[in-house]
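# Per-entry structural report
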Amino acid sequence: MRRSGKVDRVLGPVIGHEIAGTVAGTGPGLSEFRLGDRVASTQRTSCHTCRHCLGGREVLCTQGVLYGEGLDGGYAEYCVIDELSLAHIPDEVSFDAAAIAACAIGTGYHALMLAGVKPGQRVLVTGASGGIGIHALQLARSMGAEVVGVTSSARKVDKLRLYADEVVVAEGGVFDKEVRQRNLQPDIVLDMTAYATLDSSLRSVRRGGSVAVVGNLENKTVAILPGALIQREIRLVGSKACSRAELEDCLQFLQRNLVRAEIQEILPLQSAPVAHELLESGAVQGRVVLRP
C-alpha cells in the first residue's frame, strides 16, 4: 500500500510492518527481554502514557508511529523495536508464522473482539481469501462461531471451504441477496473490502448485528443509507490493529493449533519485488514471508 502511494508518500524509512526475529542487542532499562529471545512485534510503537495506552488500547495513541512508515521496519537484517511493542514467541511457533501474527492474524482478532463475537453466532468475512480474511475465518471458528466466507473469485472457493462453513461468491461486490436466499444472515460482518462491499454487508447483517470495517485503506468514498442503521439498529464499527495483549493471544492461537498461518510463499529478502508482484496479481491466498 505504501509503496504504491495509496497510504502515504513518505520516503526514507525501511518498509515492513510485520516483524519477527531474535533479540540481538538491547538498550538501557530493558526489563522483559534478553539476548537470544524469540520475539514478534506489533505494527506500531506508542507513547505508553496517554489514556489510550494506559487503557490497553495503544493502537489509538495519537503519538503512535507505524514500523515501516515513520520508523524503520522489517525489510532488513536488523531493526530497532520498542520493548513494549514486543511479545515472546512460544517455542512451538515458527518465525514465519510469528511474523504475520500481528497484522494478518491480529487485525482480524481485534475486529472480532470489538464486534463482541460470542459462541454460537454467525460471522461473515468479506475478502475472505486475503491475508487478514483467511485468518479471520479460522479465528471466528476457534471462538465458537459459524463462519461464512465471501470471495470475488470462484477459483478460491475450495481453499476457503477448509475454514468456512459456507462460501459465497460475490459478483461485483454484491452478495446480500444470496446470503438471504441461503438463510446465512450473520450476527457479525468483518468487511475487509468495504469500498466495494459495505452496502451488501449492511443489507446482509441481522437486526441488532455489527459490521466491522477493517483492513481497508483505499482512498474511496462509500455511500451509507442511515435508515438501515437506525431501523435495524446495526452497529457500524471501525477497527484498526491489534494491541500487544492481542498479539500475545494470537501467538497462543498459533501455539495451540487453533489458527494455521496461511503462508503461500517464503522468499529471500532480495526477492521483495517478486513478493509485491505476487500480491498485486491477486494470486496469493494468505501471506508471502521474506527472510533476510
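Residues numbered from 1 in each chain as written. Predicted model: local features only at pLDDT ≥ 70, side-chain atom pairs only at ≥ 80, totals over all residues. Heavy atoms only, no water.

### Some remarks on the environment of Gly131
For Gly131, the position within the fold is in helix 4 (residues 131-142). Each C-alpha atom, one on Gly131 and one on Glu277, is 15 Å from the other, the two residues being 146 residues apart in sequence. (Helix = DSSP H or I, 4+ residues; strand = E, 2+ residues; numbered from the N terminus.)

### Overview of the state of the cysteines
With the rule as written, the count across this model stands at zero disulfides. Cysteine Cys103 remains unbridged, with the sulfur of Cys242 as its closest cysteine sulfur at 8.3 Å. Residue classification places Cys103 among the buried positions, given a relative accessible area of 7%. Of the cysteine sulfurs around Cys250, a residue in no disulfide, the closest is that of Cys242, at 5.6 Å. (Disulfide = S-S within 2.5 Å. Buried < 20%, exposed > 50% of the residue type's maximum accessible area, 1.4 Å probe, protein only.)

### Focus: empty space enclosed by the protein
All told, the structure shown has one cavity of 30 Å³ or more when counted by the stated rule. Counted as a void, the largest cavity has a volume near 70 Å³. What lines the largest cavity is simply Thr42, Gln43, Arg44, Thr45, Ser46, Glu58, Val59, Leu84, Ser85, Ala241, Cys242 and Ser243. In terms of residue class, the lining of the largest cavity is made up of four nonpolar, six polar and two charged. (1 Å grid on protein atoms, 1.4 Å probe; cavity = no way out; pocket = protein on both sides within 12 Å on 5 of 7 lines; lining within 4 Å. Points joined across faces, edges and corners; volume = space filled by probe spheres on them. Nonpolar A, V, L, I, M, F, W, Y, C, P; charged D, E, K, R; others polar.)

### What to know about the sheet that holds strand 1 (residues 20-22)
If you trace the three strands from one edge of the open sheet to the other, you get 1-2-5, paired in antiparallel fashion. Either end of the sheet is taken by a strand with one partner, and the two such strands are strand 1 and strand 5 (86-88). Across the sheet, the mean angle separating the axes of adjacent strands is 35 degrees when strand polarity is ignored. Where strand 1 meets strand 2 (residues 38-41), three bridges bridge the pair, whose relative direction is antiparallel. Among the inter-strand pairings, Thr22 is bridged to a residue of strand 2, identified as Arg38. (Pairing = 2+ DSSP bridges. Axes fitted to C-alpha atoms, helices over the stretch in contact; angles between N-to-C directions.)

### Regarding the side chain of Thr193
The topology assignment puts Thr193 in the loop between strand 9 (188-191) and helix 7 (194-204). The exposure class of Thr193 is buried, given its relative accessible area of 18%. Among the polar contacts made by the side chain of Thr193, one reaches the side chain of Thr126 at a distance of 3.2 Å. (Polar contact = N/O pair within 3.5 Å; in protein donor to acceptor, adjacent residues only side chain to side chain.)

### Observations concerning the nonpolar core
Judged by nonpolar contacts, the single largest core of 48 residues is most densely connected at Leu112, Val123, Val125, Leu137, Leu190, Leu251 and Leu254. Mapped onto this core, the elements with two or more residues apiece are helix 2 (95-99), helix 3 (101-115), strand 6 (122-125), helix 4, helix 5 (157-160), strand 9, strand 10 (210-214) and helix 9 (244-255). In terms of residue count, the dominant contributor to this core is helix 3 (eight residues). Not counting chain neighbours up to four residues away, the residues in contact with Leu137 comprise Val125, Ala128, Val147, Val148, Gly149, Leu160, Tyr163 and Ala164. Core analysis: the next-biggest nonpolar cluster, separate from the first, contains 15 residues, Val168, Val179, Ala194 and Leu198 among them. (Core = buried A, V, L, I, M, F, W, Y, C linked by side-chain atoms within 4.5 Å. Contact = heavy atoms within 4.5 Å.)

### Re the environment of Ile100
Locating Ile100 in the fold gives a position in the loop between helix 2 and helix 3. Between the C-alpha atom of Ile100 and that of Leu251, which follows or precedes it by 151 residues, the distance is 9.8 Å. Each residue touching Ile100, except ones within four places of it in the same chain, is listed here: Glu18, Ile105, His135, Ala261, Glu262, Ile263, Arg287 and Val289.

### Points about the pattern of salt bridges
In the structure shown here, the tally under the stated rule is 13 salt bridges. One salt bridge in this structure joins Arg291 and Asp96, with 2.4 Å as the shortest N-O distance. With Arg291 in strand 13 (residues 287-291) and Asp96 in helix 2, the pair connects residues that are 195 residues apart, well separated along the chain. By relative accessible area, which is 12% here, Asp96 ends up buried. Here Asp165 makes a salt bridge to Arg141, at a shortest N to O gap of 3.2 Å. You can see Asp165 sitting in the loop between helix 5 and strand 8 (166-169) and its partner Arg141 sitting in helix 4, a full 24 residues away along the chain. Assessed through its relative accessible area of 34%, Arg141 is described here as partly exposed. Each of Lys159, Arg260 and Glu262 takes part in salt bridges that share partners, so that together they form one network. (Salt bridge = Lys/Arg side-chain N within 4 Å of Asp/Glu carboxyl O.)

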